[in-house]
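Fold and geometry: a report
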Amino acid sequence: MSLNIYEVSIPVLIRGLTNLSAIIEKAAAHAAAKNIDPVVLAQARLYPDMHPLTRQVQIACDTAKGAAARLAGLEVPKHEDNEVSLADLKHRIAKTLDFLKSVSVDRLNGAETRAIEIVSPNRTLKFTGLSYLTNFVLPNFFFHESVTYALLRQNGVEIGKADFLGAM
């Protein structure tokens, strides 16, 4: 049995974002129960030179929607990066999930060999669809999802590995 690139991309990203949304929900409940301004959690950092939680979630969402769009040969949706609260982040995740769910299996036929180019001010990265997914998207996505988890855990939110992994 062979896997196609859809099976190892879109459902994996949907699951990760769904779990991330649930973790953000637990953070909001924690803030309410402890009378903590939720913006404090949204601005938490592991270290001063690292992005705050808001940016970690934005990058996880950008990585997921960028992957779905590029692998499907679609234009990457733009989001403003103006989230400041946990509620804003949940909305960002929901918009990203809606986009991912709109990408059909058929749109990714042949995506394994599709040429993908990521242009940034400092460099241009060139991939095939498969190498983009396995060497860039999935590690980047799970890094930012993990940092979000760590930030919330460090700030007392009662979450564990089961929350990160979600339903099996």
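That block above? That's the structure.
Everything in this summary refers to the structure shown in the same document.

Cut-offs applied
Residues numbered from 1 in each chain as written. Predicted model: local features only at pLDDT ≥ 70, side-chain atom pairs only at ≥ 80, totals over all residues. Heavy atoms only, no water. Helix = DSSP H or I, 4+ residues; strand = E, 2+ residues; numbered from the N terminus. Rg over C-alpha atoms; globule rule 2.2 N^0.38 Å. Buried < 20%, exposed > 50% of the residue type's maximum accessible area, 1.4 Å probe, protein only. Axes fitted to C-alpha atoms, helices over the stretch in contact; angles between N-to-C directions. Parallel < 35°, antiparallel > 145°, perpendicular 65-115°, else oblique. Left-handed = near helix turned anticlockwise from the far one by under 90°. Contact = heavy atoms within 4.5 Å. Nonpolar A, V, L, I, M, F, W, Y, C, P; charged D, E, K, R; others polar.

Description of the overall build of the protein chain
Secondary structure assignment for the protein chain yields six helices and two strands. Seen in sequence order, the protein chain has helices and strands lined up from the N terminus as α-α-α-α-β-β-α-α. For 168 residues, the compact-globule formula gives about 15 Å, and the C-alpha radius of gyration of the protein chain, at 16 Å, lands near that figure. Principal-axis analysis of the C-alpha atoms gives the protein chain an extent of 50 × 40 × 20 Å. A burial count over the protein chain gives 42% of its 168 residues as buried.

Considerations on the packing of helix 1 (residues 10-33) against helix 5 (residues 129-154)
Remark: helix 1 packs on helix 5, axes separated minimally by 11 Å, with the N-to-C direction vectors making an angle of 15°. One way to sum up the angle between helix 1 and helix 5 is to call them roughly parallel. Considering how the two elements wind past one another, helix 1 and helix 5 form a crossing that is left-handed. Packed against helix 1, whose contacting residues are Val12, Leu13, Gly16, Leu17, Asn19, Leu20, Ile23, Ile24 and Ala27, the element helix 5 presents Val137, Leu138, Phe141, Phe142, Glu145, Thr148, Tyr149 and Leu152 at the interface.

A closer look at the packing of helix 1 against helix 3 (residues 53-72)
At their nearest, the axes of helix 1 and helix 3 sit 10 Å apart, and the two run at 160° to each other. Classed by the angle they form, the pair helix 1 and helix 3 counts as roughly antiparallel. For the pair helix 1 and helix 3, the crossing hand works out as left-handed. Where helix 1 abuts helix 3, its residues Ile10, Leu13, Leu17, Leu20 and Ile24 lie against Leu53, Val57, Ala60, Cys61, Ala64, Ala67 and Ala68. Looking at the contact of helix 1 with helix 3 residue by residue, the class counts come to twelve nonpolar, no polar and no charged.

Considering unusual backbone geometry
Backbone geometry at Asn35 places phi at a positive 55°, although glycine is not the residue there. Its place among the elements puts Asn35 in the loop between helix 1 and helix 2 (38-42). Owing to a relative accessible area of 74%, Asn35 belongs among the exposed residues under this scheme.

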